[in-house]
Amino acid sequence: MELLKERILREATIINQDVLKLDALLNHQVDPQLTLEMGKEFARLFAETPITKVITVESSGIPVAFTTAMALNVPLVFARRKKTLIADPDSYSERVPSFTKGIVTDIMVSRQFLTEQDTVLFIDDIIANGDAARGLIKIIDRSGAKLAGLGIVVEKSFQAGARTIREQGIRVESLARIASLEGGKIRFET
């Protein structure tokens, strides 16, 4: 998606050769028009699959997952990272490390919102090592739902996350694939 790549080049900040800060686009501030276009693109990429729900992990994946669900005219479900007083005690749960946060958290999805009748499209903002993605894929698998695929806004292809998921036979579609951040320069895969 060329518009996304242009915005990444203009607005992203390289923290080091492994970390790209996308606060101006995805993780702190959200551009509604760009986010709508990304949702439409994911809906187009997965149009041939009868999807019943879009799923993501809170919180940065929610805006793009929302616009994708809107384009597909299906509900959005998101895995919670924090247990609350009103959290459903009957939830699927998986413990996952966070690459950018440097901590381990539990992600949870209520069993009432993810069933064997569902075909879900998993949308996420960034994939690096893929730990959160693999955790949510385990939850989807345990629920009996069918995973249509994984849509990623930004794939850091120099890290193993998306590759290991593709190796499981899961379809992964990325809107922008970054090959390298070396030397303080963003290089996209061609």
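One structure accompanies this document, and this report is about it. (Residues numbered from 1 in each chain as written. Predicted model: local features only at pLDDT ≥ 70, side-chain atom pairs only at ≥ 80, totals over all residues. Heavy atoms only, no water.)

**Let's talk about the sheet that holds strand 3 (residues 53-57)**
Either a parallel or an antiparallel arrangement is found when strands of a sheet pair, and the pairing is made through backbone hydrogen bonds.
Line of reasoning, step 1. Pairing in this open sheet of six strands is mixed, and the strands run 4-3-7-8-9-10 from one edge to the other. Each edge of the open sheet carries a strand with a single partner, namely strand 4 (76-79) and strand 10 (187-188).
Line of reasoning, step 2. The sheet contact formed by strand 9 (residues 172-180) and strand 10 spans two bridges and is antiparallel. Across the sheet, residue Ile 178 finds its bridge partner in strand 10, namely Phe 188. (Pairing = 2+ DSSP bridges. Helix = DSSP H or I, 4+ residues; strand = E, 2+ residues; numbered from the N terminus.)

**Remarks on helix 5 (residues 131-143)**
Line of reasoning, step 1. Relative to the 18 Å expected for 13 residues at 1.5 Å per residue, helix 5 spans 19 Å between its end C-alpha atoms, a close match to the ideal helical length.
Line of reasoning, step 2. Of the residues making up helix 5, those classed as buried are Ala 132, Ala 133, Gly 135, Leu 136, Ile 137, Ile 139, Ile 140 and Ser 143.
Line of reasoning, step 3. At the C-terminal side of helix 5, Gly 144 shows a positive phi close to 90°. (Expected span 1.5 Å × (residues − 1). Buried < 20%, exposed > 50% of the residue type's maximum accessible area, 1.4 Å probe, protein only.)

**Considerations on the pattern of salt bridges**
Line of reasoning, step 1. The tally for this structure, following the rule as stated, stands at 19 salt bridges.
Line of reasoning, step 2. Between Asp 131 and Arg 134 there is a salt bridge; the shortest N-O distance is 2.8 Å. With Asp 131 and Arg 134 both in helix 5 and three residues apart, this pair spans about one turn of that helix.
Line of reasoning, step 3. We classify Arg 134 as partly exposed; its relative accessible area is 25%.
Line of reasoning, step 4. Salt bridges sharing partners connect three or more residues here, namely Arg 7, Arg 10, Glu 11 and Asp 31. (Salt bridge = Lys/Arg side-chain N within 4 Å of Asp/Glu carboxyl O.)

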